[in-house]
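# Structure at a glance
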Amino acid sequence: MINICNCKNDTLIMKDRNKTLGEFIIEKQEEFKYSSGELSRIINAIRLAAKVVNYKVNKAGLVDIVGAAGEQNIQGEDQQKLDVYANEVFIQTLINREIVCGIASEENDDFIAIHGKAGDDNNKYVVLMDPLDGSSNIDVNVSVGTIFSVYRRVTPMGTPVTLEDFLQPGDQQVAAGYVIYGTSTMLVYTTGHGVNGFTLNPAIGTFYLSHPNMKYSKDGKIYSVNEGNYIHFPQGVKDYIKYCQMEEGDRPYTSRYIGSLVSDFHRNMIKGGVYIYPTSSKAPNGKLRLLYECNPMAFIAEQAGGKASDGYGRIMEIQPTELHQRVPFFCGSENMVAKAEEFMAKYK
Ligand code: P6P
């Protein structure tokens with residue numbers, strides 16, 4: 001951070017020149033576990049794709065890109081045109097940069113093995129992503145987000161990537177992050193050395209370090225859960241919700257639920273809070289996907305001093321068994337998640 005201080009008529013005019021994302025990546029290069037520069041190039045590719053998607057998201061109401069694309073994804077959800085568009089932008093940007101050997105996406109039934117060009121099989125990273133999470137909010141102009149997760153492949157270099165390279169526990173992630181397309185567009189990510197947030201200046205298309213070293217407070221007063229499903233929740237979740245609503249100490253808490261994981265997570269990280277998407281009779285394994293929603297958000301949460309659980313144990317210790325596996329998700333301020341786990345433990 002360079003402070004240029006011009007004192008004029010006793011008025012201090014501070015011109016802070018915030019670090020750009022590009023400068024930050026170069027500066028932190030040596031912190032990456034594998035300092036070959038490939039991980040930096042992945043973050044740079046995501047930075048570029050985020051700008052392209054941001055341009056379209058911000059014009060969603062003006063061009064024919066809003067609304068269902070007329071197809072359904074593996075989740076049986078109507079694919080929104082912007083979902084499909086964002087998926088293609090991120091996939092093509094990563095492929096064109098020749099930096100990954102495989103990609104998995106919420107929008108693709110199977111993973112994509114990248115070995116068309118010579119050398120692709122020698123790329124050592126795979127990327128998993130939800131290209132446009134919260135897409136049901138697109139038509140109503142509510143914030144949506146992109147979530148990404150990066151692993152080092154585990155099968156031999158030089159061979160086509162396999163499912164095993166994607167089914168790794170969250171603890172094996174080398175990087176994770178999200179883009180939030182909100183009142184401002186931000187890229188928030190970690191490489192295991194803390195969490196940093198960058199805000200896009202749309203006038204010049206540059207991300208600037210606006211939220212260095214982001215941290216979850218240990219406690220918070222916001223709980224985020226879709227209470228419309230209350231009667232379907234496990235008893236431990238019902239008890240925790242009633243605990244949040246009780247008049248005692250710093251309670252009742254405030255209920256805030258946007259219906260967009262990235263937005264609820266981002267607000268809770270800044271203000272303190274907990275997000276819960278539990279199992280229910282309607283969603284026996286929960287709704288959120290382990291590999292490209294819960295694990296990346298859990299990596300960020302833990303790097304920010306928060307906690308991420310399935311109601312009983314750490315999300316990032318779960319050994320995945322399938323690409324689109326769903327898990328219950330309790331994530332946010334450490335003491336709030338721990339209290340929710342206390343209620344869950346009573347009925348385990
Ligand atoms: P519900 C969006 O589809 C999403 O995956 C998350 O972003 C969001 O928090 C959740 O589902 C909303 O689900 O069932 O409450 O509408």
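Up top is the structure these notes are about.
Below: a short report on this structure. Everything numeric in this text was worked out from a predicted model, so none of it was measured.

## Thoughts on the packing of aromatic side chains
The final tally for this structure, using the stated rule, is 11 aromatic pairs. Each ring, one from Tyr 240 and one from Tyr 243, has its centre 5.9 Å from the other, and the planes form 25°; the classification is stacked. You can see Tyr 240 and its partner Tyr 243 sitting in helix α4 (residues 235-245), 3 residues apart, about one turn around the helix. Here Tyr 240 falls in the buried class, since its relative accessible area comes to 2%. Above the face of the Tyr 230 ring, Lys 242 is positioned so that its terminal group lies 5.0 Å from the ring centre. Directly above the ring of Tyr 243 sits Arg 251, whose terminal nitrogen or CZ lies 3.7 Å from the centroid.

## Quick notes on the sheet that holds strand β8 (residues 144-152)
The 8 strands are arranged β6-β5-β7-β8-β9-β10-β11-β12 in an open sheet whose pairing can be described as mixed. What marks the edges here is a single partner per strand, and that holds for β6 (112-113) and β12 (206-211). Of the pairings in the sheet, the one linking strand β5 (residues 100-105) to strand β7 (residues 125-133) comprises 5 bridges and is parallel in character. In the sheet register, Val 100 faces β7, and the bridge partner there is Tyr 125.

## Details of unusual backbone geometry
The residue after Arg 251, namely Pro 252, is reached through a cis peptide bond having omega 10°. Its place among the elements puts Pro 252 in the loop between α4 and β14 (254-255). Despite not being glycine, Glu 98 shows a phi value in the positive range, around 50°. Although it is not a glycine, Asn 213 sits at a positive phi angle of roughly 50°. Structurally, the position occupied by Asn 213 is in the loop between β12 and β13 (222-224). With relative accessibility at 47%, the residue Asn 213 sits in the partly exposed group.

Reading the values: the criteria
- Residues numbered from 1 in each chain as written.
- Predicted model: local features only at pLDDT ≥ 70, side-chain atom pairs only at ≥ 80, totals over all residues.
- Heavy atoms only, no water.
- Phe/Tyr/Trp six-rings, centres within 6.5 Å; stacked < 30°, edge-to-face > 60°.
- Helix = DSSP H or I, 4+ residues; strand = E, 2+ residues; numbered from the N terminus.
- Buried < 20%, exposed > 50% of the residue type's maximum accessible area, 1.4 Å probe, protein only.
- Lys NZ or Arg CZ within 6 Å of the ring centre and 35° of its normal.
- Pairing = 2+ DSSP bridges.

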